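Here is how the chains run, residue by residue.
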Amino acid sequence: MSNFAFNNPAFKEKDPRAVATYPGAPQAGAQNGQYAPPPPAGQFAAAQQAAVNANLEGMYAAPPAGSIETNRMTVEDTVWKTAGLFGILLVFAVIGWFFTLGGAALPNTSDPYVHAAALSRIQLWPWLVGALGGFVLAMVVSFTSRKKVRPALIFAYAAFEGLFVGGISAFFEVRFPGIVLQASLATIAVVAVTLALFASGKVRASAKMTKIVMIAMLGYLVFSLLNVGLMLFGVLPQNQMFGLLSQVKILGIPLGLIIGVLVVFMAAYSLVMDFDQIQQGVRNGAPRVYGWLGGFGIMVTVVWLYVEILRMIAIARGNN
């Protein structure tokens, strides 16, 4: 799975509590849309029958119950929760961008002296604080949500991720002008295509493919940690911004671009798994609060996808 937060029975097993108890839902006495009350006796029979018919007509005419009435997870409610989380992320991304640039506007990169001065003023603390805080909160949310979903922790995660995304975006924008727009458009395109394919039913998560992707993700994690370690200990040249990803080339193509294509595929498939788990949670009648967990899973994957695309474009432009 794309994240451990979905490792919850609500997304896997049928919830026995998922019964229709809201107004307008068919009750235990109503089977296949038919109601068979015992025949009334006495002089009030006609009045009682009329009341039963009016009650049935009211039930069938009532609008479908939503997530608030049922307190159950729905796709629509999860979409709104996800949009709210991304709203928090964008607000704090602006803050992270502002502090990374030291409160200054984007420099005129056509002037090499101004460009160099802007690079020297860049503050890395929003990027580092956001990355560390986001990682810690992601682990807490992922491993504690099995017992209880805490929306406040997910809100805090979105805020820290915003600092991280804003900080790293500002840094790369100064180094490679226009890269943020390019990466944003590419990320939106991948998410939109993935969602369209999933909605059409042409792409679905399978057990075999999930195992393959999870193994590939684990291998990529090990490689990334090794690459960072080689860079920190000075084993790789200092002028290589991404270590092995930018230094090693295969047929003249940087290794980072080759691996990047595979990583984008893994991230896209992770989105498919996120969508599938949300659909499963809705089908199982998971409590409404689990919509926040669905939004959290999508946010983790989209941020990962954006950062990987950002790095791919930086490697490609730095290689020219």
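Our subject in this report is the structure included herewith.

1. Quick word on the pattern of salt bridges
Then, in step 1: Evaluated as defined, the whole model comprises 3 salt bridges.
Then, in step 2: Taking the shortest distance from any N to any O, the salt bridge between K81 and D77 comes out at 2.4 Å. Highlighted residues: K81 and D77, both in helix α3 (residues 75-100), separated by 4 residues, approximately one helical turn.
Then, in step 3: Exposure remark for D77: the relative accessible area of 10% places this residue in the buried category.
Then, in step 4: The salt bridge involving D77 is made with R288; its shortest N-O contact spans 3.3 Å. Taken together, the residues span a long stretch of sequence, with D77 in helix α3 and R288 in the loop between α10 (255-283) and α11 (290-318) at a distance of 211 residues.

2. Some words on α11
Then, in step 1: Its 29 residues give α11 an end-to-end C-alpha distance of 42 Å, which sits within 8% of 42 Å, the value for a rise of 1.5 Å per residue.
Then, in step 2: Of all 29 residues that make up α11, 23 are buried, and the element is covered over most of its length.

3. Considering the nonpolar core
Then, in step 1: Judged by nonpolar contacts, the single largest core of 61 residues is most densely connected at I154, F172 and I179.
Then, in step 2: When contributions to this core are tallied by element, the ones reaching two or more residues are α3, α5 (125-144), α6 (151-175), α7 (179-199), α8 (207-232), α10 and α11.
Then, in step 3: With 17 residues, the top contributor of residues to this core is α11.
Then, in step 4: Every residue in contact with I179, bar those within four places of it in the chain, is listed here: F172, E173, L310, I313, A314 and R317.

4. Some thoughts on a nonpolar patch on the surface
Then, in step 1: On the surface, V91, I95, F98, F99, W125 and V129 cluster together into a nonpolar patch covering about 530 Å² of accessible area.
Then, in step 2: Put simply, the parts of the chain that give the nonpolar patch at least two residues each are α3 and α5.
Then, in step 3: At 4 residues, the largest contribution of residues to the nonpolar patch is made by α3.
Then, in step 4: Mapped onto the elements, F99 comes out in helix α3.

Conventions we followed
- Residues numbered from 1 in each chain as written.
- Predicted model: local features only at pLDDT ≥ 70, side-chain atom pairs only at ≥ 80, totals over all residues.
- Heavy atoms only, no water.
- Salt bridge = Lys/Arg side-chain N within 4 Å of Asp/Glu carboxyl O.
- Helix = DSSP H or I, 4+ residues; strand = E, 2+ residues; numbered from the N terminus.
- Buried < 20%, exposed > 50% of the residue type's maximum accessible area, 1.4 Å probe, protein only.
- Expected span 1.5 Å × (residues − 1).
- Core = buried A, V, L, I, M, F, W, Y, C linked by side-chain atoms within 4.5 Å.
- Contact = heavy atoms within 4.5 Å.
- Patch = residues over 30% accessible without salt bridge, like charges linked within 9 Å, V, L, I, M, F, W, Y side chains within 5 Å.
- Areas by Shrake-Rupley, 256 points an atom, 1.4 Å probe, with all protein chains shown as cover.

What is shown is where atoms sit, not what they do.
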